[in-house]
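A structural walkthrough
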Amino acid sequence: MSFDAAYRSKMFNSVGTRPLRPDGVDKVTGRARYGADFNMPGQLVARVLRSPHAHARIKSINTTRAEALKGVKAIVTAADLPDLTDGDAELFAILDNCMARTKAMYDGHAVAAVAAIDEKAAKAALKLIEVDYEVLPHVIDVDEATASDAPLVDDSCITGGMDPAPKTPSNIANRAEFGHGDVDAGFDQADIIVERSYKTEQTHQGYIEPHACVANCNTDGSAELWVCTQGHFVYRQNCADLLGLEVSKLRVTSSEIGGGFGGKTHVWTEPVALALSRKAGRPVKLVMSREEVFRASGPTSATSIDVKVGAKKDGTITAASATLRYASGPYAGMWAELGAMTSFACYDLENVKTVGFEILVNRPKTTAYRAPSAPMAAFTVESAIDELAHKIGMDAVDLRIKNAAAEGTRSSYGPVYGPIGIGPTLEAAKAHPHMSAPLGKNQGRGMACGFWFNFGGQTCTDLNVNADGTVTLAVGTVDVGGSRASLSLIAAEELGIEYTDIKAVIADTATLGYNDMTDGSRGTFSTSMATISAARNAIEVMRQRAALMWDIPPEDVYWEDGHAHASGTKHGNRAPLSVKEIAAEAGNTGGPIAGHSELVADGAGVSFATHICDIEVDPETGSSRVVRYTVIQDAGKAVHPSYVEGQYQGGAAQGIGWALNEEYIYGEDGRLQNPGFLDYRIPVCSDLPMIDTQILEIPNPNHPYGVRGVGETSIVPPLAAIANAVSNAVGVRMTHIPISPPRILAALNDTAES
Amino acid sequence: MVDVTLWAGLRPLADNQKVVRVEARTIRELLRKLEERYPGLRGPFRGEVAVAVDGVIYRNDWSKELPEGAEVILMRRLSGG
C-alpha cells in the first residue's frame, strides 16, 4: 500500500505531551505478565544441560538413565533438532547455538535438555545424562585468537573478504574495508599524529528479565509459544524454520519484556522448548537462570582496535585509519564490519580507511547490543580525537566542530550524507552550562560524539474504532520502551481524539500481519508511520459513514479536529459529527469501522549524539564516580518526551556500566568466572547521578511528523566520554575498557613509577 | 542511468568491479538487472543487501525510484539492537 511518508510541518495537540504510560500501573503493581508468568495446564518444566568445557568434541551422549528417572517426560539432543537450514549459515549458527551438534563451542553451550514434571526431577535427570567429551584446546582472547598457532575454533573457517582467499583456515572469519582518499598521503600532511591501541572487554546487555517461554505442540501440527522477545514474528519464523513447522500453525505471543537491548532478537532456547513439547506431548516451560543468561545468551564483542589520526596545527584532520578486531563468539557475524562502518562516521574526512576483522573465539555467540559495535569503535576514535585536541592545544568541542560531518560530506562508510544532526549536537554541547561548570578536586570532564544507523522495516498495524468511539490499536512491534504510549499519542493526534480513548496492544502472530522485530531504533519510527497510515484509512471510512448519516455525497465531507464536517453553503450548517457519533451508527452504515496499514518504513535516517561527563576519581583506590552527565541527541520529533529522555538516560546508564565496571572474566580453563550480578557489576540507581538530557528536534524528512528513532545512539558516546573524563582527571590516557578501579590504580602507579 | 558501488564482498561476484553502471528506474529493477548480469549476486541479494540512495539507506523499499545520476551504494543489510 502506498503511503506518503514525507514530513509536513504541523502544530501538534497530543504529540509532544507526557501522559502516563498505559502499561505503567500493571508493571509497578506486579500484574504485568512477563515471560515466566504464563502457565498452561499439564505444563512440564525444562532444564538444559550445558557444556562445562570451552571447546570440546561431543563423542557421545547417553540419556538412558535420565529417561528412566521417574517424572521425566522427554529428553532432546541435537538429534531431535535435525539440520533443516538448507545452507543458510546464519540460521545454522542459531541452530547449533540452541543445541551443540558435534562440538561444544563455549562454556555453557547447550548439549541436551530435559522436560519433567517438576524442576527437581528435571535437575536430577540432567545429572544422569552421560556426555563423553574430547576436550579441545580453546581460545578466549581476541588478539590471541589471531595468532598463527591459536587453536582453531572452526577448522573450516577461511577468511572471507580477502583477495586472494587464504588457503588455510584461521579464526579470522571475515575482513571488511571502508574508506576513501589516500591515508598515507593524508598522514604525510599532518603536523600531529595520535596513534594508539585500545581494548574493550565483553559485556552483556544485562536485561533484568531472563529468557523465558512456554511452548505447546499439538498432535495436529499446530503449536503455540508464549515468549519474552523483541520480535515474536521473527521468533515464529526462526522456530518454524528450525523445526520444520508451518508458519501459520505456530502462534507466538510476546509477553511483556524486561529488557532486550538486542539480546532477544533471535531464538536461544525456544526451539528446544518446542522440541521437548513435541516429544512429550505436553506444554513445556523453559526459563533461563541468570547464570545461563550470562554463559549462554548473546553478549557483545570483546575488541582490540588500533587507531591513527593525523591533523594540522589548525585542527584540520588530514587522515584517519583504524584496524578493528571484534570477537564474535564461535560463529561469524558482521560485528567488526559495523565497527568499521561507524568508527569515523561523525567526521568529514578527506582520507579515511577502516578495516574490520571478525574473530572467532570460544565465547558465547555474539549478538546485537544497542547500536551494536558502535560504542567500542567510538571509544577508540573519540579517545584519539580528544588526545589530538590536547596535543594541538585546541578545545575538544571546537576540534570536533571543525571536522564534523555535514550535509554533502562523504561518510567514512560510503554514502554522501543528506541533512544530518552532528553539528547541532556539538553546538548545543558547546553552549550547554555543563561545559563551563567548574570542576572539583580529582574531577575530570570528558565529552564525545556517537553515530548510529537507524532503520525501519516491515510493519503492519490495525486500528479498530469501537462502538463507543474508543479505539483499539493493534501493533506487531514489541513495546520495549514505552511505544504503546507513543503510538496512542500518534493515533490520538491523527484521529483528533483523547489519548485516553486509545488502547494500544501488541497483537500475536495469528492476528496481525508480519512485523519485523523491535530493533534498529525502529519501534516508534516504523509503527507510528503505520499507525498514521491506518488512522488516515479509518478517517476515510468515517468520512464516508458521515456522508451516509447525513445522506450527502462523500466529497462534501471533510475531516478536521476529530470530526466530520459538511462543507459548503449547502450543508455547512450541520453540526460536525464526532468519532463517537459516527461509531455509534456503524452497524447501520456499513458495519465495523477500521483502518489497516501494511508498509515498509525506510528512510529512518542516521543518528548522532554528543555526551558530556564529569567524573571524580579517588587516586588512592582508583574508585571513580560519575558526578554529572548530559546527553544531547536529535529525536526528529519527540512523540512522548519522557520516554525519549528515558531512552537517552538508559543508553547512558548502560554505557556508564560498560565503561567503568562490566566485563566477562574467564579463567585459564575457558570458563566464565562471573556469571551473576554480584560479580558482574551493572550500575544501580545509587551509582548514577540524575542524567540530564537535551532533546533536539530536527525533523526527519522521511516521516510525516519528523520522527527519528532514538533507542540506540545514546549508548555510543558514553564509553568515550567517560574514558576522556577519567583520562583528564588522572592525567593518564586510559585505553582499556572497563576503566575499573584496578586499571585506574595501575595506570596511576605506572605513571608514578615512570 | 546510475553508477552502483558494490561493497567489497560483492566484487568477486561481479567480475571484480567496484562500480557498475546500470539503467534502472527503481531499486528493484537495479537489483534484477545486476543479478541478470552477474548471477552470483543472487545469494547476497536474498536478505543480505541494503541500498543507499543519495545517502538514505533502504532495506526493504525496492520500489524506491532512482533519480537520474543518483549516488547508489550497495551495503550489507545492517543489524540493530
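Remember, it's a predicted structure, so these values are computed and weren't measured experimentally.

A separate point is the interface of chain A and chain B. Counting from both sides, the interface comprises 33 residues of chain A and, opposite them, 21 residues of chain B. Going through the elements one at a time, β7 (172–180) and α9 (335–342) of chain A are the ones with two or more residues in the side of chain A that touches chain B. Among the residues making up the side of chain A that touches chain B, the classes are represented as 14 nonpolar, twelve polar and seven charged.

Attention now moves to unusual backbone geometry. Residue A:Pro164 is reached from A:Asp163 by a cis peptide bond, and omega for that bond is 5 degrees. Of note, A:Pro164 is situated in the loop between β6 (130–135) and β7. Residue A:Pro738 is reached from A:Ile737 by a cis peptide bond, and omega for that bond is 5 degrees. Within the secondary structure layout, A:Pro738 lies in the loop between β27 (736–737) and α20 (741–753). The phi dihedral of A:Ala371 falls on the positive side, at around 55 degrees, and the residue is not glycine. Tracing the sequence through the fold places A:Ala371 in the loop between β15 (352–359) and α10 (374–392). Of note, B:Asn16 is a non-glycine position whose phi angle comes to about 60 degrees, a positive value.

In this section: the domain arrangement of chain A. Accessible area lost during the coming together of the parts is what is often quoted as the interface size. Residues and elements named next belong to chain A. When cut into domains, chain A gives domain 1 (24–32 + 456–600), domain 2 (35–136 + 205–296) and domain 3 (431–448 + 605–754). On a C-alpha basis, the centres of domain 1 and domain 3 stand 39 Å from each other. Each side of the interface is counted separately: domain 1 has 14 residues, and domain 3 has 14 residues. Looking at the side of domain 1 that touches domain 3, the elements with two or more residues in it are α14 (483–495) and α15 (523–550).

Take the pairing of strand β25 (residues 624–634) of chain A next. All names here are of chain A. Most of β25 is tucked away, with eight of its eleven residues classed as buried. Counted between consecutive antiparallel strands, the loop separating strand β24 (residues 607–617) from β25 contains six residues, among which glycine 622 sits at a positive phi close to 80 degrees. Pairing geometry for β25 and strand β26 (residues 691–696), over six bridges, is parallel. Residue threonine 630 lies in a different strand from β26, and its bridge partner there is aspartate 692. Note that the unit made of β25, helix α18 (residues 641–660) and β26 has a crossover that is right-handed.

Residues and elements named next belong to chain A. Core analysis: the largest hydrophobic core is formed by 258 residues, its most contacted members being Ala46, Leu225, Val272, Leu276, Ile722 and Val726. With eleven residues, α15 is the largest single contributor of residues to this core. In this structure alanine 46 touches Ala113, Val114, Ala115, Ala122, Ala273, Leu276, Val284, Lys285 and Leu286, once residues within four positions along its chain are discounted.

All names here are of chain A. In spatial order, the strands read β19-β18-β17-β23; together these four strands make up an open sheet with mixed pairing. For this open sheet the edge positions go to β19 (502–506) and β23 (593–600), each flanked by a neighbour on one side alone. Averaged over all pairs of adjacent strands, the angle between strand axes in this sheet comes to 15 degrees, irrespective of strand direction. In terms of strand pairing, strand β18 (residues 471–475) meets β19 through five bridges, oriented parallel. Bridge pairing in β19 links threonine 472 to lysine 503. Across the face of the sheet, α15 comes into contact with β17 (458–465), β18 and β23 while running at roughly 145 degrees to β23.

Residue and element names in this part refer to chain A. Along the chain, alanine 492 turns up in helix α14. Under the C-beta neighbour-count criterion, alanine 492 is labelled buried, with 24 such atoms within 10 Å. Setting aside its immediate chain neighbours within four residues, alanine 492 contacts Ser14, Ile497, Glu498, Tyr499 and Ile502.

Moving on to the packing of α10(A) against helix α11 (residues 396–403) of chain A. Residue and element names in this part refer to chain A. Relative to each other, α10 and α11 sit at 110 degrees, their axes nearing to 9 Å. Judged on the interaxial angle alone, α11 and α10 are roughly perpendicular. For the pair α10 and α11, the contacting residues are Ile385, Asp386, Leu388, Ala389 and Ile392 in the first and Ala396, Leu399 and Arg400 in the second. Here the residues of the contact of α10 with α11 sort into six nonpolar, no polar and two charged.

Residues and elements named next belong to chain A. Counting buried positions over the seven residues of strand β1 (residues 44–50) gives seven, a clear majority of the element. Where burial is concerned, the two faces of β1 agree: the one with Leu44, Ala46, Val48 and Arg50 and the one with Val45, Arg47 and Leu49 are both buried. Across three bridges, β1 lies against strand β12 (residues 284–287) in parallel orientation. Pairing of leucine 44 across the sheet is with valine 284, part of β12.

Attention now goes to the sheet that holds β7(A). All names here are of chain A. Taken together, six strands build an open sheet; the order of strands is β7-β15-β14-β13-β8-β27 and the sheet is mixed. Of all strands in the sheet, those bounded by a partner on one side alone are β7 and β27. Here strand β13 (residues 303–311) runs beside strand β14 (residues 317–327); their pairing, made up of nine bridges, is antiparallel. What sits directly across from aspartate 306, in β14, is threonine 323. The strands touched by α9 within the sheet are β7, β14 and β15, with β15 carrying the most contacts at an inclination of about 165 degrees. Of the strands in this sheet, β8 (192–200), β13, β14 and β27 are in contact with α10, which crosses β8 at around 150 degrees.

Basis of the calculations
- Residues numbered from 1 in each chain as written.
- Chains lettered and ligands numbered in written order.
- Predicted model: local features only at pLDDT ≥ 70, side-chain atom pairs only at ≥ 80, totals over all residues.
- Contact = placed C-beta atoms within 7 Å.
- Helix = DSSP H or I, 4+ residues; strand = E, 2+ residues; numbered from the N terminus.
- Nonpolar A, V, L, I, M, F, W, Y, C, P; charged D, E, K, R; others polar.
- Domains from an automatic or database assignment.
- Buried ≥ 20, exposed ≤ 12 C-beta atoms within 10 Å, placed from the backbone.
- Pairing = 2+ DSSP bridges.
- Right-handed = clockwise from strand over helix to strand, strands pointing away.
- Core = buried A, V, L, I, M, F, W, Y, C linked by C-beta atoms within 7 Å.
- Axes fitted to C-alpha atoms, helices over the stretch in contact; angles between N-to-C directions.
- Parallel < 35°, antiparallel > 145°, perpendicular 65-115°, else oblique.

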